[in-house]
Amino acid sequence: MAFEQTGRIEPFDKKLWLASPTMHGEEMTYVQEAYSTNWMSTVGENIDQIERITCEKIGCGHAVALSAGTAALHLAVRLAGQELYGQPQAGHGTLEGRRVFASDMTFDATVNPICYEGGIPVFIDTERDTWNMDPAALRKAFELYPEVKLVVMAHLYGTPGKMDELVKICEEHGAVLVEDAAESLGASYKGIQTGAFGKYSCISFNGNKIITGSAGGMLLTDSREAADRARKWSTQSREAAPWYQHEELGYNYRMSNVIAGVVRGQYPHLEEHIAQKKAIYERYKEGFRDLPVSMNPYDADVCEPNFWLSCLLIDQDAMCRQVRGETEACYVKEKGKSCPTEILEALLSIRAEGRPIWKPMHMQPIYRTHGFVTEMGSGRAMTNAYIEGACVDVGMDIFQRGLCLPSDNKMTAGQQDRVIEIVKQCFA
Ligand SMILES: *Cc1c(COP(=O)(O)O)cnc(C)c1O
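Position labels on residues start from 1 in each chain and follow its written sequence. Totals for whole chains, interfaces and linings use every residue, but because this is a predicted model, local features are given only for residues with pLDDT of at least 70 and side-chain atom pairs only at 80 or more, for both listing and counting. Side-chain measures were taken over the full set of non-hydrogen atoms in the model, leaving aside hydrogen atoms and water.

A. Region of interest: the overall build of the protein. Scanning the protein from terminus to terminus reveals 13 helices and 18 strands. With the C-alpha coordinates of the protein rotated into their principal frame, the extents come out at 75 × 55 × 40 Å. A fraction of 70% describes how many contacts in the protein between residues 6 or more apart in sequence connect residues 24 or more apart. Throughout, the Shrake-Rupley method with a 1.4 Å probe supplies accessible areas, and for residues the shown protein chains are the sole cover considered. Entry remark: accessible area of the protein is about 17,900 Å², with carbon and sulfur atoms responsible for 51%. For helices the rule is a DSSP run of H or I covering at least 4 residues; for strands it is a run of E covering at least 2, with both sets numbered from the N terminus onward. A contact between two residues is defined here by any heavy atoms of the two lying within 4.5 Å.

B. Quick look at the nonpolar core. Put simply, buried Ala, Val, Leu, Ile, Met, Phe, Trp, Tyr and Cys residues joined by side-chain atoms within 4.5 Å make one nonpolar core. When accessible area is computed with a 1.4 Å probe and restricted to protein chains, residues below 20% of their type maximum are described as buried, those above 50% as exposed, and intermediate ones as partly exposed. Formed by 40 residues in total, the largest nonpolar core has its most connected members in Tyr157, Leu185, Ile203, Phe205 and Ile357. Going through the elements one at a time, helix 2 (45–58), strand 1 (62–66), strand 9 (217–221), helix 8 (257–266), helix 9 (270–287), strand 12 (311–314) and helix 12 (394–401) are the ones with two or more residues in this core. Residues lining this core come from more than one domain, with at least three contributed by each of domain 1 (26–268) and domain 2 (270–426). Judged by nonpolar contacts, the second largest core, of 34 residues, contains Tyr331, Ile350, Met411 and Phe427. Those domain boundaries reflect an automatic or database domain assignment.

C. Structural view of the domain arrangement of the protein. In terms of domain boundaries, the protein breaks down into domain 1 (26–268) and domain 2 (270–426). One C-alpha centre belongs to domain 1, the other to domain 2, and the line joining them spans 26 Å. Taken together, the contact pairs 49 residues of domain 1 with 44 residues of domain 2. Buried area between domain 1 and domain 2, summed over both chains or domains, comes out near 3,900 Å², and the portion from carbon and sulfur atoms is 62%. Joining two parts hides part of their accessible area as seen by a 1.4 Å probe, and the buried area is that hidden amount summed over both. Summed over the three residues of domain 1 that lose the most area to domain 2, namely Trp131, Tyr157 and Ile210, the buried surface amounts to 22% of that side. Just to be clear on terms, a salt bridge is a Lys or Arg side-chain nitrogen sitting within 4 Å of an Asp or Glu carboxyl oxygen. Seen at the junction of domain 1 and domain 2, the total is 2 salt bridges. When the shortest N-O distance is used, the salt bridge between Glu271 and Lys57 registers 2.6 Å. A 3.5 Å cut-off defines polar contacts: any pair of N or O atoms within that distance qualifies, except that in protein one atom must be a possible hydrogen donor and the other a possible acceptor, and neighbouring residues in sequence count only when both atoms are side-chain atoms. Where domain 1 touches domain 2, the interface holds 22 residue pairs in polar contact (both at pLDDT 80 or more). Those elements that provide at least two residues to the side of domain 1 that touches domain 2 are helix 4 (112–116), strand 3 (120–124), helix 5 (135–144) and strand 6 (188–189).

D. Expanded view of the packing of aromatic side chains. Stacked, edge-to-face and tilted labels apply to pairs of Phe, Tyr and Trp rings (six-membered ring for Trp) whose centres lie within 6.5 Å, assigned for plane angles under 30 degrees, over 60, and everything in between, in that order. Scanning the model with the defined rule gives 14 aromatic pairs in all. Ring geometry for Phe123 against Tyr367: centres 5.4 Å apart, planes inclined by 65 degrees, an arrangement best described as edge-to-face. Here the residue Phe123 occupies a position in strand 3, and Tyr367 occupies one in the loop between strand 15 (355–356) and strand 16 (372–374), the gap between them amounting to 244 residues. Residue classification places Tyr367 among the buried residues on the basis of a relative accessible area of 2%. These aromatic residues form a ring-pair network of at least three members: Phe107, Trp131, Tyr157, Trp308 and Trp358. Either the NZ atom of lysine or the CZ atom of arginine qualifies as a charge over a ring when it sits within 6 Å of the ring centre and within 35 degrees of the ring normal. Of note, Arg78 hangs over the ring of Trp233, and the distance from its end group to the ring centre comes to 5.1 Å.

E. Quick look at the confidence of the model for the protein. Mean pLDDT for the protein: 95, with 97% of residues reaching 70 or above. Each residue carries a pLDDT value, the predictor's own confidence for that position, ranging from 0 to 100. Note on residues 384–389: pLDDT under 50 across the span, and 7 contacts to partners over four residues away in sequence or across chains.

F. Inspection of unusual backbone geometry at higher detail. Backbone geometry at Asn38 places phi at a positive 65 degrees, although glycine is not the residue there. The topology assignment puts Asn38 in the loop between helix 1 (26–36) and helix 2. The phi angle at Gln236 is positive, at roughly 60 degrees, despite the residue not being glycine. With respect to the secondary-structure elements, Gln236 resides in the loop between helix 7 (224–234) and helix 8.

G. Region of the structure containing the pairing of strand 4 (residues 150–154). Of all 5 residues that make up strand 4, 5 are buried, and the element is covered over most of its length. A pair of strands is treated as paired once DSSP finds two or more bridges between them. As judged from the 2 bridges shared by strand 2 (residues 99–103) and strand 4, these two strands associate in the parallel manner. Paired with Phe101 across the two strands is Val151, which belongs to strand 4. Seen with the strands pointing away from the viewer, any crossover whose path from the first strand over the helix to the second strand runs clockwise is right-handed. With helix 6 (residues 163–172) bridging strand 4 and its parallel neighbour strand 5 (residues 176–180), the resulting β-α-β unit is right-handed.

H. Main features of the pattern of salt bridges. Here the structure, examined in full by the defined rule, presents 25 salt bridges. Of the charged contacts, one joins Asp164 and Lys190 as a salt bridge, the two residues approaching to 2.4 Å between their closest N and O atoms. With Asp164 in helix 6 and Lys190 in the loop between strand 6 and strand 7 (192–193), the pair connects residues that are 26 residues apart, well separated along the chain. On the basis of relative accessible area, Lys190 is assigned to the partly exposed category, the value being 47%. It is possible to trace a salt-bridge network through shared partners that takes in Glu51, Arg231 and Arg254.

I. Expanded view of the packing of helix 9 against helix 13 (residues 413–426). Here an angle of 0 to 180 degrees is reported between the N-to-C directions of two axes, which are lines fitted to C-alpha atoms, with helices fitted over the stretch in contact. Running from N to C, helix 9 and helix 13 point in directions that differ by 40 degrees, and their axes come no closer than 10 Å. The angle between the axes of helix 9 and helix 13 places the two elements in the oblique class. The two elements helix 9 and helix 13 cross, and the hand of that crossing is right-handed. Counting all contacts with helix 9, which are made through Ile280, Arg283, Tyr284 and Gly287, the residues of helix 13 involved are Ala413, Gln416, Val419, Ile420 and Lys424. Along the lines of polarity and charge, the residues of the contact of helix 9 with helix 13 split into 5 nonpolar, 2 polar and 2 charged. Note on angle classes: values under 35 degrees are labelled roughly parallel, values over 145 roughly antiparallel, values of 65 to 115 roughly perpendicular, and the remainder oblique. The sense of a crossing depends on the near helix, which, turned anticlockwise from the far helix by less than a right angle, makes the crossing left-handed and, turned clockwise, makes it right-handed. Lys, Arg, Asp and Glu make up the charged group, whereas Ala, Val, Leu, Ile, Met, Phe, Trp, Tyr, Cys and Pro make up the nonpolar group; the residues left over, Gly among them, are polar.

This is the structure we're talking about:
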C-alpha cells in the first residue's frame, strides 16, 4: 500500500539527503593548487599531507592513500593473508579456501575483499548495545572454527564496537584483526580512535561519509614494512628496476592528488561535522521521546561515536506486520504501530531520504551458503527456520525493525522537525 499522510506536511523543495558532501572552500584551494602546478597524478603534496594528518588524527604509524575504502580493505586483508599463509602464486588469493570471521550486519564492502583473496567469510552475529560484532558470538565462532586466524570487523554508523573484548578474543586465538573504520572516522573508544585497533585498518572518503574526497580511502597500520608493501601493490607492484619489473600481482589503487586536495580541505572540518551529526542525533532522540522507538545505541561512558547516521529501532510490540521478499516489501497499516517500510515511504512522500539498515550478510543470496554464528552457536539452521515475526538472530531483528534517518549535516532544525513530524504520523 502507498503511504497517506494524516496531517499536512509540505514536501521539501529540494531532496533532503541521507548524508551528502559538504564543502567549505579550502577544498578548492588545494585542488586549484594541484591544477596550477600540474600535480594532477597520483603523487603530490596533497597526498603527503593527508597521509600525515591521518596518522596524527588516528594515532597510527602509517597511512597509505588509496582510490577507495574498499581498495584499502582489500590490501589490508591481503597483507593479513600473506602474513598468515605466505605469498600466493600469481593468480591466487592469499586466503584461498581459508575461513575468515567477518561482521554480519554491515555494508558488503566489508566482506567482499575477503572473497577477492579467495577466503570464505563466516559471519558473526551482532550485539544490541552498539550494533557491531558480538564478542559472545565471536567466542563461539572460535569454538566452532578453531583454525580461523583472521577477523574483519566494522564499526557501524560511526559507533565503535566493543573493542576491549574483541581485541582480547583475537589475541587469545592468535588471530589478526582488520578494522573497517570506513563509517567511523573520528569516533573513539576509551580515548583511542577507531582505525587504531586493527593490525591493518581502513577509512573511507566516499561521497556520503563524514568527510569526503568525492571518493578515496586509506590503509592504516603501524608497520612501515606493511605500508611500503601496500604502496607497491597499489602501483601495479613495480619492483625497483630501470624497467617495469614485476615479481608479484599488482593493482591500480592509488589516490589522485586532486581527490587528496578535497580531503585535505575537509579534514579541518571533521570535528565540526561530528558536532552537527551529534546535534541531529540528539534532536531525533528528543523528538521521538514519546514514540515506541529507540535510537541506535552507544555507551557514552566508553566511547564517542561520530554519529555518521542516526538510526531508529521500532519497539517489537509497536511493529505492524511487514513482509520483505528479496527485492520488495509490503506491510499492513495498524493503528498506533508502524514498520521501516512505512516510515521509508512516508519520508519519500516529503522528498526525504532514509535507508533500511544494512541487510545482514547471512541473509544475502550471494553469501547464503556461508557459515553464520550467533551467541547460541551455529545460526544457519535457525535462520532457515525463520518465520514471520520470529527473528532468531540480532542482525535479522535489527534489519526488520530498524532504519536510517535523514542525517545530512546541512539539515536545518526546521527541516528535521518536519522529518520528526512525518515519523510521528506513522504511529498515529
Ligand atoms: C563505505 C564503506 C566501505 C567502502 O568504502 P568505499 O570508499 O566506498 O570503497 C567499506 N565498509 C563500510 C562499512 C562502508 O560503509
